[in-house]
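Per-entry structural report
Listed below, chain by chain, are the residues.
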Amino acid sequence: MSPELHSYHLSERLTAFSTTRHGGYSKDRYGEFNINCYCGDDTEAIRKNRQSLCRLLSVSDDRLFMPHQVHGVGILKITPELLALSADARQQALEGIDALMTDVKGICIGVSTADCIPIIIYDSQHAAVCVVHAGWRGTVQRITRDAVLAMVEAYRSEPSQLQAVIGPGISLEAFEVGDEVWKQFADASFPMEHISRRMLEMGGGSEQKWHIDLWECNRLQLQSVGVLPQHIQMSGICTYKHYSDFFSARRLGVESGRIYTAAMIN
């Protein structure tokens, strides 16, 4: 059984994708393809799914990286020195991390999402890539902006030469939030008139609720540090609406599978 991937084209030198729910061994709300070991799925199903993905990518399991995310702004650089560590030490390095970057070939780095926003940022000049997990908390803290700045520091990336993909995540129409979340974005100086809207509450209620556009929030962060608008691809896939193909925690519950959005320099 082979996982069905949603692929992105940034360069012939880069493999970039998001997993779908199809082509794996997990069951029920984890079905079919999930490799996240922090959401309650069966460990044997996860092992077989990882094995299938590694076979498809032609890499060994120790070259497939996924951090233990905490909705923060931690960014980890995957280096040859880190690869030389023991498995336990590598896993410890991945704790509390929400973005990975590398310039090492043949290393698949990725993040897990199920409504949060995954972003791939690619530097073709220096053959480096970063993959970001931006939930609403990470978005408020501007992790995507920080990821670009981290690439500038680590690889001497030129933001105007970077390319980015904003992958499957929850859309403005589906991302209903309370006033306290709206206020956090406002307090962080986001352009609220541009990234938020009051709409009738979902489920047929008569009350109006705030909705926030996380896609746009992260697109604006990329642009704020010099990534050109024409270099930003938007997948436009709402996980809440398309939960039969992509995991959505708001539709399926927190105890369900996760999308793995990843990139590998060839």
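Residues numbered from 1 in each chain as written. Predicted model: local features only at pLDDT ≥ 70, side-chain atom pairs only at ≥ 80, totals over all residues. Heavy atoms only, no water.

1. Concerning the pattern of salt bridges
This model, assessed by the stated rule, comprises 7 salt bridges. Between lysine 183 and aspartate 187 there is a salt bridge, and its shortest N-O distance comes to 2.7 Å. Residue lysine 183 and its partner aspartate 187 are both found in helix α6 (residues 179-187); the two are separated by 4 residues, about one turn of the helix. Accessibility expressed as a relative area gives 46% for lysine 183, which makes it partly exposed. Taking relative accessible area as the criterion, aspartate 187 reaches 53% and is therefore assigned exposed. (Salt bridge = Lys/Arg side-chain N within 4 Å of Asp/Glu carboxyl O. Helix = DSSP H or I, 4+ residues; strand = E, 2+ residues; numbered from the N terminus. Buried < 20%, exposed > 50% of the residue type's maximum accessible area, 1.4 Å probe, protein only.)

2. Description of the sheet that holds strand β6 (residues 108-113)
Pairing in this open sheet of 5 strands is mixed, and the strands run β1-β2-β14-β6-β3 from one edge to the other. Edge positions in the sheet fall to β1 (5-8) and β3 (64-65), since each has one partner strand and no second. Sheet topology places β1 next to strand β2 (residues 14-19); 4 bridges connect them, and they run antiparallel. What sits directly across from serine 7, in β2, is phenylalanine 17. (Pairing = 2+ DSSP bridges.)

3. Quick notes on helix α1 (residues 43-57)
An ideal rise of 1.5 Å per residue puts 21 Å on 15 residues; α1 measures up with 21 Å between its terminal C-alpha atoms. Along its buried surface, α1 packs onto β1, β2, β3, β6 and β14 (259-265). A side-chain oxygen of the first residue of α1 lies 3.2 Å from the backbone nitrogen of glutamate 44; this N-cap is aspartate 42. The first or second residue beyond α1 is serine 58, which carries a positive phi of 60°. (Expected span 1.5 Å × (residues − 1). Contact = heavy atoms within 4.5 Å. Polar contact = N/O pair within 3.5 Å; in protein donor to acceptor, adjacent residues only side chain to side chain.)

4. Focus: the packing of aromatic side chains
Summed over all chains, the structure comprises 4 aromatic pairs. With a centroid separation of 6.4 Å and 40° between ring planes, the pair formed by tryptophan 136 and phenylalanine 185 is classed as tilted. With tryptophan 136 in helix α4 (residues 136-140) and phenylalanine 185 in helix α6, this pair connects stretches of sequence that are 49 residues apart. The burial state of tryptophan 136 is the same as that of phenylalanine 185; both residues are buried. (Phe/Tyr/Trp six-rings, centres within 6.5 Å; stacked < 30°, edge-to-face > 60°.)

5. Concerning the sheet that holds strand β10 (residues 176-177)
If you trace the 3 strands from one edge of the open sheet to the other, you get β10-β12-β11, paired in antiparallel fashion. Two strands close off the open sheet at either side, each with one partner strand: β10 and β11 (196-200). Strand direction decides the pairing type here: β11 and strand β12 (residues 208-212), joined by 5 bridges, are antiparallel. For serine 196, the partnering residue across the bridge sits in β12 and is isoleucine 212. Across the sheet, α6 touches β10, β11 and β12, and the angle it forms with β12 is around 40°. (Axes fitted to C-alpha atoms, helices over the stretch in contact; angles between N-to-C directions.)

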